[in-house]
Each structure stands twice: as structure tokens, then as C-alpha cells.
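The chain contents come next:
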Amino acid sequence: MSAHSPGTLLAPPSPARPASDPAAPLLIVNPRSGGGLSEAAWARAARAIAEGLGPFEARMTERAHHARTLASDAARAGRRLVIAVGGDGTLNEVVNGLMDAGAPEETAFALIPRGTGGDFRRTIDGAEDLCEAARRIREGTRRRIDVGRVRYKGDDGLDHTCHFLNVSSFGFSAAVANRANRSSKRLGPRAAFLGATVRTLLGHDNVEVEVTLDEGEPRRRTCLLGAVGNGRYFGGGMKICPEAQLDSGHFQVVLVGDLGVGTIATRIHRLYAGTHLSIDQIEHATARRIHVTPLAPDGQIRLEVDGETPGFLPATWEILPGALNLVL
């Protein structure tokens, strides 16, 4: 960008409230989402958003995790509405920022999608068009929704905690996400994830884990993958947790058992349709707390959280009922 470097406070092309007015919606914009955002593209996007939303303030993210800092600062300053403009990763950072600020009751968040995966947009049946998404936010109402919290082993070997809105998983899905995040999205998110799925299948070994749901007995399982869903979709459109609800007070847990490459290749369409729960060797349940640990002491099983891959098992997931306000 030439006139507006990342981080500059941008105004929409219509009369705006004064800068830093807590009543003005704050857009946190990821200029790298959706294939990149030039100054001209932002001007077009801002016009469309302003048409639907009205006056707003905007900040561009400058680096990884900057959206988290911006959201936290905004919530602490009393901002009433924080809107993530980007993909699932940007939204995840905004949610973590709001949680860092103590999830203040007066602050709500919303999403204007501009990313590649769009899995949370699918979960809330959100609009893809910028103007329509903005209009729905302007006319929408606050809804109290649950947030997931996961404790895990980071790449640095230390214990870490983060929050998520949609789906967290381990095993094959995390390996695919790790590969897809490093690949080109020029042909679209579904093509990127399908390509990563095929390449990962060729060299993937199913994982052996011990799973504990709530206060139940630990169960040993050999899994292709496991998913913990507050929302329904992951992997660029796979409806992995079709019965999950954002305000149910529990997760839907799906364990895909010891299935081989051939079985997955012939049934992957059922993952997209959300009709896979009846397949033999797929288990599903609801739980408020899930703990999963590798059976092999030195086994590194990758963890995925809202499309990002921050670390490994062992991990513990907990639901935080009614933690944030979402505008729909």
C-alpha cells in the first residue's frame, strides 16, 4: 500500500464519527487475507462495507497476532463492536484478543469474511458479499455464544493456552491444515485443502491416543483424526461436526477411527455433506471437557485450532458457555 501503510487508521468513503469513538464499529482488517488487499481493492471494499454498515473506523494488521492486540486494546477502551475483516485466522485472533481483555459485556464482535477458508462463515450461514455481510451486522442483534479453550504443548515444548470459536482437531486434519497453510491458495480454498489432503494421505499414519470425555473413563483409540467442535465446519468446507451449536454449552466430539486411504478417498464427499456420522468406525458424542494424550511417549501428534497449527498433543479442551457477544 502506498498512501496507507499497514496499521494506518482508515476512514470509510462516507462521513465517519470521530476517530476512537467507542460507538463507531472498529474494523480489524487483515490485508493479506483473500489473496491480498491493495489500496485500490481496500477502497472498493470500504465503499461496499460503508454502504451496508454505515460509518466505521478501521485498522490494518501489520504482523502475525497483531489483530489480537488490536482487539484487546479496543475492548479495554470500551469499543462496543469489533469486526474482523479477513478469514478464520483473523477472526480467531480477534476472539483471543477479546478474551485477553476479559470478554467485557459491553463489547461484541462480528465477521466480514475476506479469507480463503470461510469455515466460521459457513457455521453462521454468513454472507460472502461485503455489503450484504455489513448490512446484516448493522441490522443484526447480539447473541451470547460459547467459546472453546484449549491447553496444549507448543512448538517450543512449553504449555500454551488459546481460545477458539469453531473447530479444533488433531491427527490427519491437523497435518492437512499444516500443509495447506504453507501452500498456494490461487485456485481457491477447497482446491488447496483437497490438494493438501491427497498429498497428506499418501504418507499419513493413523494415531494412537487416549481420550477422556468429561469425568468418564479414559478410552484408547486408533484414529485418523479427532475433532472438537463448537462450530460445524473445518478444512475449507468439511462439515465435520454437523450437530454442533454455538450456544449449546458443550462441544460435539467426532473421532474418525482407523480408516485407510481408500475408505477416506471414496467417502470424503460425506465429510463435506455432514453425513459421515453413520459410517462404521466414526464415533461422536457431546462433552464439556476433553483430554487427549498420545499413547506413544515420544509421539508428536499435531494440533489444529481454527485452521492454525500451533502445537501438539497432549491437549485439554474446555467449553466456556456464553463467553462472548456475537452480532448476527
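Higher on the page you've got the structure.
Every value quoted in this text rests on a predicted model; they were computed, and no experiment measured them.

The rules behind these values
- Per chain, residues are indexed from 1 in the order of the written sequence.
- Only residues with pLDDT of at least 70 are given local features in this predicted model, and only at 80 or more are side-chain atom pairs given and counted; all residues enter the totals for whole chains, interfaces and linings.
- Here the side-chain values reflect all heavy atoms present in the structure, with hydrogen atoms and water set aside.
- Every axis in this analysis is a line fitted to C-alpha atoms, fitted for helices over the stretch in contact. Angles between the N-to-C directions lie between 0 and 180 degrees.
- Starting at the N terminus, helices and strands are each numbered in turn, a helix being any DSSP run of H or I of at least four residues and a strand any DSSP run of E of at least two.
- Our angle categories are set so that under 35 degrees counts as roughly parallel, over 145 as roughly antiparallel, 65 to 115 as roughly perpendicular, and the remainder as oblique.
- In a left-handed crossing the near helix is turned counterclockwise from the far helix by less than a right angle, and in a right-handed crossing that turn is clockwise.
- Any two residues whose heavy atoms approach within 4.5 Å at even a single point are treated as in contact.
- Residue classes follow a fixed rule: Ala, Val, Leu, Ile, Met, Phe, Trp, Tyr, Cys and Pro count as nonpolar, while Asp, Glu, Lys and Arg count as charged, and any other residue, Gly among them, counts as polar.
- We define a salt bridge as a contact between a side-chain nitrogen of Lys or Arg and a carboxyl oxygen of Asp or Glu at a distance within 4 Å.
- Residue exposure (1.4 Å probe, protein chains only): buried if accessible area is under 20% of the type maximum, exposed if over 50%, otherwise partly exposed.

This brings us to the packing of helix 1 (residues 39-53) against helix 5 (residues 130-139). For the pair helix 1 and helix 5, the least separation of the axes is 7 Å and the interaxial angle reads 30 degrees. Judged by the angle between their axes, helix 1 and helix 5 are roughly parallel. For the pair helix 1 and helix 5, the sense of crossing is right-handed. Counted together, Ala 45, Ala 48, Ile 49, Glu 51, Gly 52 and Leu 53 of helix 1 and Leu 130, Cys 131, Ala 134, Arg 135, Ile 137 and Arg 138 of helix 5 form the full contact between these two elements. Taken together, the residues that form the contact of helix 1 with helix 5 break down as eight nonpolar, one polar and three charged.

Under the counting rule described, the total for this entry stands at 16 salt bridges. Of the charged contacts, one joins Arg 122 and Asp 119 as a salt bridge, the two residues approaching to 3.4 Å between their closest N and O atoms. Residue Arg 122 and its partner Asp 119 are both found in helix 4 (residues 119-123); the two are separated by three residues, about one turn of the helix. Of the charged contacts, one joins Arg 151 and Glu 318 as a salt bridge, the two residues approaching to 2.4 Å between their closest N and O atoms. Here Arg 151 is found in strand 6 (residues 142-154), whereas its partner Glu 318 is found in strand 16 (residues 308-327), with 167 residues between them in sequence. Residue Glu 318 is classed as buried on the basis of its relative accessible area, which comes to 19%. Shared partners join several salt bridges into a network, and the residues in it are Glu 132, Arg 135, Arg 136, Arg 138 and Glu 139.

The linkage connecting Leu 313 with the following residue, Pro 314, adopts the cis geometry, with an omega of 10 degrees. Looking at the element boundaries, Pro 314 is found in strand 16. The phi dihedral of Asp 125 falls on the positive side, at around 55 degrees, and the residue is not glycine. Turning to its location among the elements, Asp 125 is positioned in the loop between helix 4 and helix 5. You can call Asp 125 exposed: its relative accessible area is 62%. Of note in the backbone geometry, Asp 306 takes a positive phi value of approximately 50 degrees without being a glycine. Looking at Asp 306, the relative accessible area reads 9%, which means it is buried.

Shape descriptors only; they carry no functional weight alone.
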